[in-house]
Amino acid sequence: FDSPGKTSFGEPSQVRSLGYTFWNQDELHDFIVSELKPIFHRDTYDVICNNCNHFSDRVSMYLTGTHLPEDIRIQSDQLMDLVSVRAARPFLN
């Protein structure tokens, strides 16, 4: 696991607080297994339309009742507006 504020890619350029939760780790695990595992797995992954940002948004909604910030949530729409990304998408998945 990565340490808070660190990733295997280096330090993040931003850290944003999403809020607080009263859910415990076991409840989060149960939610991920029962609700998210069917949606987010190797066969359903899409680099643009079903990626880590989509997963994180669902986890944030469960834990805090709020979505990720809009600038993160609209990234896939912005990317799909680019012809080059739409053309490369099959090769990226």
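Keep in mind it's a predicted model, so treat the numbers as computed, not measured.

What about the overall build of the protein?
Then, number 1: Regarding its fold elements, the protein presents five helices and zero strands.
Then, number 2: Counted from the first residue to the last, the protein has its helices and strands arranged as α-α-α-α-α.
Then, number 3: For the protein, the spread of C-alpha atoms along the three principal axes comes to 45 × 30 × 25 Å.
Then, number 4: Relative to its 93 residues, the protein shows a buried fraction of 15%.
Then, number 5: Across the protein, every contact between residues at least 6 apart in sequence was considered, and the portion connecting residues at least 24 apart equals 48%.
Then, number 6: Per element, the accessible surface of the protein, about 7,400 Å² overall, is 57% carbon and sulfur.
Then, number 7: Charged side chains in the protein number 8 positive and 13 negative. The centres of these two groups are separated by 5 Å.

Considerations on the pattern of salt bridges
Then, number 1: Tallied over the full model, the rule gives two salt bridges.
Then, number 2: A salt bridge links D71 to R16, with the nearest nitrogen and oxygen atoms 2.8 Å apart. Remark: R16 occurs in the segment before α1 (25–36) and D71 occurs in helix α3 (residues 70–73); sequence separation between them is 55 residues.
Then, number 3: Taking relative accessible area as the criterion, R16 reaches 34% and is therefore assigned partly exposed.
Then, number 4: The salt bridge partner of D46 is R89, with a shortest N-O separation of 2.7 Å. Taken together, the positions of D46 in the loop between α1 and α2 (52–64) and R89 in helix α5 (residues 83–92) put the pair 43 residues apart, joining distant regions of the chain.
Then, number 5: Exposure remark for R89: the relative accessible area of 23% places this residue in the partly exposed category.

Analysis parameters
Residues numbered from 1 in each chain as written. Predicted model: local features only at pLDDT ≥ 70, side-chain atom pairs only at ≥ 80, totals over all residues. Heavy atoms only, no water. Helix = DSSP H or I, 4+ residues; strand = E, 2+ residues; numbered from the N terminus. Buried < 20%, exposed > 50% of the residue type's maximum accessible area, 1.4 Å probe, protein only. Contact = heavy atoms within 4.5 Å. Areas by Shrake-Rupley, 256 points an atom, 1.4 Å probe, with all protein chains shown as cover. Lys, Arg positive; Asp, Glu negative; His and termini not counted. Charge placed at Lys NZ, Arg CZ, Asp CG, Glu CD. Salt bridge = Lys/Arg side-chain N within 4 Å of Asp/Glu carboxyl O.

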